[in-house]
Structure formats: C-alpha cells, structure tokens
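Architecture at a glance
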Amino acid sequence: MLAKRIIPCLDIRDGRTVKGVNFVNLRDAGDAVELAEAYSRSGADELTFLDITATVENRGTFSSLVRRISDHIGIPFTVGGGIRTIEDVGILLDSGADKISINSQAVAKPSVIDSLALQYGSQCVVCAIDARRNPAFDKDGKEGWEVYVHGGRIPTGREVVSWAQEVYSRGCGEILLTSMEHDGTKGGFALDLTSRVSQSVGIPVIASGGAGVMEDFIDVFTTGKADAALAASIFHFHEIDIPELKIFLSQHGITMRNLQ
Amino acid sequence: MNITIVKYNAGNTRSVLCALHRLGYEATVSDDPAVLCAADRVVFPGVGEASTAMEYLKKTHLDEVLVALKQPFLGICLGMQLMCSHSEENDTTCLGMFDVPVLKFPPDTGEKIPHMGWNTIETKDDPLFSGLSENRWCYFVHSYYVPLCEETIASTEYASVCFSASLHRDNFWGCQFHPEKSGSVGEQILKNFLEAL
C-alpha cells in the first residue's frame, strides 16, 4: 500500500537553511547539507529544497549546493526557487534533483508547465502554490483563496482551486500547496483548502504550512486528504522528530514507511 | 569493477552515480558500444518519455547494442519499461528483452496518477533481493506499469492493479522502482546487483 509521505523542507538562503513565520522574519536553522543527510538517515520520505530568495533576487538556484546535497542522500529530492527556463531545469536535474518545483514562472507563463512535462515527464514537475485567504473569492459558502507569487509578496488575482486544476491539466505531476496564513504558525494545516485542492486534481498534493503537533499530521492526511505533508521548523528545531512522528501516525492507522 | 551507465537522452544518471559512489563504486557514463560491451555491469536508468527515448536509442544504434549485451544489466523505471516489448506510452515499440507490454494505469479508479511515493514489494527468491530485511519499502514514480508475467520477481499493488515491481530473465534485470532513491533497501539491491550476481 502506498505510504503517506513526510517531507522536511529546507528553505535556503546563501547556502544556509532558514525559517520564518508567514514567509518573513527568517532565522538560521543550520547547514543545508548536514540537515539533508540527517533527514535522509532518520526516515524522511523525501526532501524539498527551496532557494527562497532566488526569484526575488532574479538569479538561478545554486546548482552546486544541489550537487553537494545529492551526493549525500539516498531519497528523492525536489528543488525550487528561481526556475525560469527549460535550461534551468536541465541544470538542476543534471545536478541531482529528482523533481523541480516552479511557482512564479508558472503563473507568469503557464505554458512552461506543458513544455517541462513534455521535455522531462510530468513526474518531475511540481507546481508550488502559495495561497492566502481572500474573501473576494468566496463562493457557494466556501472560503476563497488567492494565489501569491514571488515568495508570497505579490497577489495574482487567481483563485487557488482553479489554478490547481489548470496546472494539473497542463501536465504538472504534483502540487505543493502552502497556506501562507498557516505557515510558521504551528496552528495546524489548512484542512479545508487542502482537501478541496486534493479532490479537484488527479495528482498528489503535498500540504504545507502550519504543522505544530503530531495530531496536525493525522488531520491533514485524513480530513485534509493530503498525499504528503511538508514541514520545516518543527523538524529543524527537533520539536517533532520524524521517526517518532511516523510511529505515532502508523499507530493511528496511517500508512507510513517505517525504517524498523 | 567496471560499471557503465548507459548515456541517452533520458534519465538522471547523476542519482545513480551518487548511489554507486556511496556504495564505494565509481561508474562511467557512456554511449560507446565498445565501452558498454566491455563493462562488468551495465545500468540503464531512465526518467522521461518512452517514444523520445526509443527514438534516441535507435538513432544511435544503441537499441541493437543493448539487447546483445551478456553481462548483468539493470534497467530502472523507464529503463525497465524500455526493456519490454511495447509501451502504451505513445504506442512505442521497445527493446524486447522481456516479452511483456507496458500498460497505462486505468484512469477511473479514483487513485492519483502517477503512482508516486513509497510502496512495499513482494519478492520472489532472486539474488537481486538477497539479504533484504522484511521491511521492503521502495520509491516509485510512474504512470505506466508492467503487468505480472513469467519474468516477474517482485510485485506491488496500486490503483487496484497488482503489477511487476521487478523483472529478471537471463542477464537482464529491471526495477520499476528507483533503487538509487530507495534508502537502505535500494542500496542493498544495488549492492546485490554489483556483488551477488
């Protein structure tokens, strides 16, 4: 049976792992390569590496860091941040990434999703969607959410569920859905939003933003219908250890890949 | 030991190189028939689309070279699918080391496609799996599958289909999952491919 995945996220700035609250107020969380290796050993199912300042500073992701990380881990590895062209993706895949995550560029030029899926296969194209509540998008009694880009700085006027359906129909293989409202707050995931997105597309959805306690993961895999859950600070700062979390989730009937 | 990874326009060969390096082996990446024929082990990784990959293999005549190889040969993911007879992915004729077609997952099961993530494999007795622990989680990412057949040495289940996770005939092995990305289980399988065959 396919396991639900637990994915630590390494937000990278200048080669260091950082973490903020609601996308700002970053603090240092350690060396990226050391963290990646430790996670790979301790039972993380996958790693995500986001060069969070790449888009803002308009430069490519550090492929050399990707290369160093891939030398040290034996689990799948997604890389995002600042990806603009097919060539950028080629460089990252050649550097050891298994999947690439695009966000701002996908919104700016949606056809890039089609091109990437054709060139490299849907399985390696992850669309990251940063979502924030916007009552202007409320419809049929359901809360409306708006897509944000450029590290959560710029609203796009796009509604999240319809954007998720569009990236799916264009050949995206997986969605990384982050609630900016919940990010770093440790108050639980955006369950209603995650469940709606997950049920409106035929590809896996990774829920991100808001993990605080182990019970939050039960909720996101059951009520939230997520296929994977991503978190950063609670793992980096050892508030929750992944092996312990996976045992806890297994005991609550959620299929997990346990190392023991 | 002389390990060669087949160079073609599909596949992230670096992941395989890194995995072999962690096991203490270095490999070369080549599309030179002489180099491939002289290798002790050949790895045929693959990520991408079947028809584009086959087109490239035919254009470079690697198709004829690969099927004639006699040393232990391991196809991974798309690599294993390309070793089958035919793929439903863009109606592609493949290399044919395994006489079995590659099919698309049925679209109407309510399960998400691709089959992406960690799944368990049920293994038969094969040297590729010697020394594996009971805990057999492997990492899969694919939208097409190889049905169970005579050459099946491991199976797994997704979207109401039980299918081949691994194949073996003569000197040819295939893994639908990615041993290079399957943690310690994958490491053991790669180690077996290098040392136990």
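Please read these numbers as outputs of a predicted model, since none were measured by experiment. (Residues numbered from 1 in each chain as written. Chains lettered and ligands numbered in written order. Predicted model: local features only at pLDDT ≥ 70, side-chain atom pairs only at ≥ 80, totals over all residues. Heavy atoms only, no water.)

Attention now moves to the pattern of salt bridges. Residues and elements named next belong to chain A. Evaluation of the coordinates by the stated rule reveals 21 salt bridges over all chains. Residue Arg 5 is joined to Glu 174 by a salt bridge in which the shortest nitrogen-to-oxygen separation is 2.8 Å. Placement of the pair is Arg 5 in strand E1 (residues 5-13) and Glu 174 in strand E10 (residues 174-179), with a sequence separation of 169 residues. Glu 174 shares its class with Arg 5; the two are buried. (Salt bridge = Lys/Arg side-chain N within 4 Å of Asp/Glu carboxyl O. Helix = DSSP H or I, 4+ residues; strand = E, 2+ residues; numbered from the N terminus. Buried < 20%, exposed > 50% of the residue type's maximum accessible area, 1.4 Å probe, protein only.)

Glancing now at the UniProt feature "active site" (unreviewed entry) in chain A. All names here are of chain A. As annotated by UniProt and renumbered to match this structure, "active site" (unreviewed entry) occupies Asp 11 and Asp 130. In three dimensions, the annotated residues from a span of 120 residues occupy one location, with a maximal C-alpha spread of 14.4 Å. Within the fold, Asp 11 resides in strand E1. Overall, the relative accessible area of 10% leaves Asp 11 in the buried class. On the secondary structure map, Asp 130 appears in strand E7 (residues 125-133). (UniProt positions renumbered as here; feature names shortened; annotations may be inferred.)

In the numbering adopted here, UniProt assigns the feature "domain: Glutamine amidotransferase" (unreviewed entry) to residues 13-195 of chain B. The annotated region residues 13-195 of chain B carries 27% helix and 31% strand content, and the separation between its end C-alpha atoms amounts to 20 Å.

Here we come to the interface of chain A and chain B. Chain A puts 40 residues into the contact, and the matching count from chain B is 25 residues. Summed over both partners, the interface of chain A with chain B buries about 2,500 Å², with 52% contributed by carbon and sulfur atoms. Among the residues chain A hides against chain B, the three largest losses belong to Leu 2, Gln 123 and Arg 257 of chain A. Together they make up 25% of the total. Put simply, chain A and chain B have three salt bridges between them. Put simply, Arg 14 of chain B and Asp 71 of chain A hold a salt bridge, and the shortest N to O gap is 2.6 Å. Run the count over chain A and chain B and you get 20 residue pairs in polar contact (both at pLDDT 80 or more). Every element with two or more residues in the side of chain A that touches chain B is listed here: helix H2 (63-72) and helix H3 (86-94) of chain A. Looking at the side of chain A that touches chain B, its residues break down into 16 nonpolar, 12 polar and 12 charged. (Contact = heavy atoms within 4.5 Å. Buried area = accessible area lost by both parts, 1.4 Å probe. Polar contact = N/O pair within 3.5 Å; in protein donor to acceptor, adjacent residues only side chain to side chain. Nonpolar A, V, L, I, M, F, W, Y, C, P; charged D, E, K, R; others polar.)

This paragraph deals with the environment of Arg 5 of chain A. Residues and elements named next belong to chain A. Judged by its relative accessible area of 1%, Arg 5 is buried. Between the alpha carbons of Arg 5 and Asp 45 there is a distance of 5.6 Å; along the sequence they are 40 residues apart. Here the side chain of Arg 5 touches Glu 46 through a polar contact of 2.8 Å, side chain to side chain. Polar contacts involving the side chain of Arg 5 include one to the side chain of Glu 174, which spans 2.8 Å.

Three or four residues apart is the spacing at which side chains of an α-helix point the same way, because the helix has 3.6 residues per turn. All names here are of chain A. Along H3, the residues classified as buried are Val 89, Gly 90, Leu 92 and Leu 93. One side of H3 carries all its buried residues, which in axial view fall inside an arc of 165°. In H3, those exposed residues whose orientation departs by more than 90 degrees from the buried face are Glu 87 and Asp 94. The elements touched by buried residues of H3 are H2, strand E5 (77-80), strand E6 (99-102) and helix H5 (111-120). One or two positions beyond H3, positive phi appears at Gly 96, with a value near 120°. (Arc of directions from axis to C-beta.)

This paragraph deals with the nonpolar core. One recurring pattern in soluble globular proteins: nonpolar side chains tend to sit buried together. Core analysis: the biggest nonpolar cluster contains 79 residues, and Ile 113, Ile 175, Phe 217, Phe 221, Phe 235 and Leu 249 of chain A have the highest contact counts within it. Residues within four places of Phe 235 of chain A in sequence aside, it is in contact with Ile 6, Ile 7, Pro 8, Tyr 39, Phe 217, Ile 240, Ile 242 and Leu 245 of chain A. By size, the runner-up hydrophobic cluster in this structure holds 35 residues, among which are Leu 20, Ala 27, Ile 121 and Phe 129 of chain B. (Core = buried A, V, L, I, M, F, W, Y, C linked by side-chain atoms within 4.5 Å.)

Here we come to the pairing of E10 of chain A. Taken residue by residue, a regular strand's side chains alternate between the two faces of the sheet. All names here are of chain A. Most of E10 is tucked away: six of the six residues are buried. Where E7 and E10 come together, six bridges link them in parallel fashion. When the bridges of E10 are listed, Ala 131 appears paired with Ser 179. (Pairing = 2+ DSSP bridges.)

What follows is about the environment of Met 80 of chain B. Residues and elements named next belong to chain B. Here Met 80 is to be found in helix H5 (residues 78-82). A C-alpha to C-alpha distance of 19 Å links Met 80 and Asp 40, two positions 40 residues apart in sequence. Excluding its chain neighbours within four sequence positions, the residues that come into contact with Met 80 are Gly 75, Val 146, Ser 164, Ala 165, Ser 166, Leu 167, Gly 174, Cys 175 and Gln 176.

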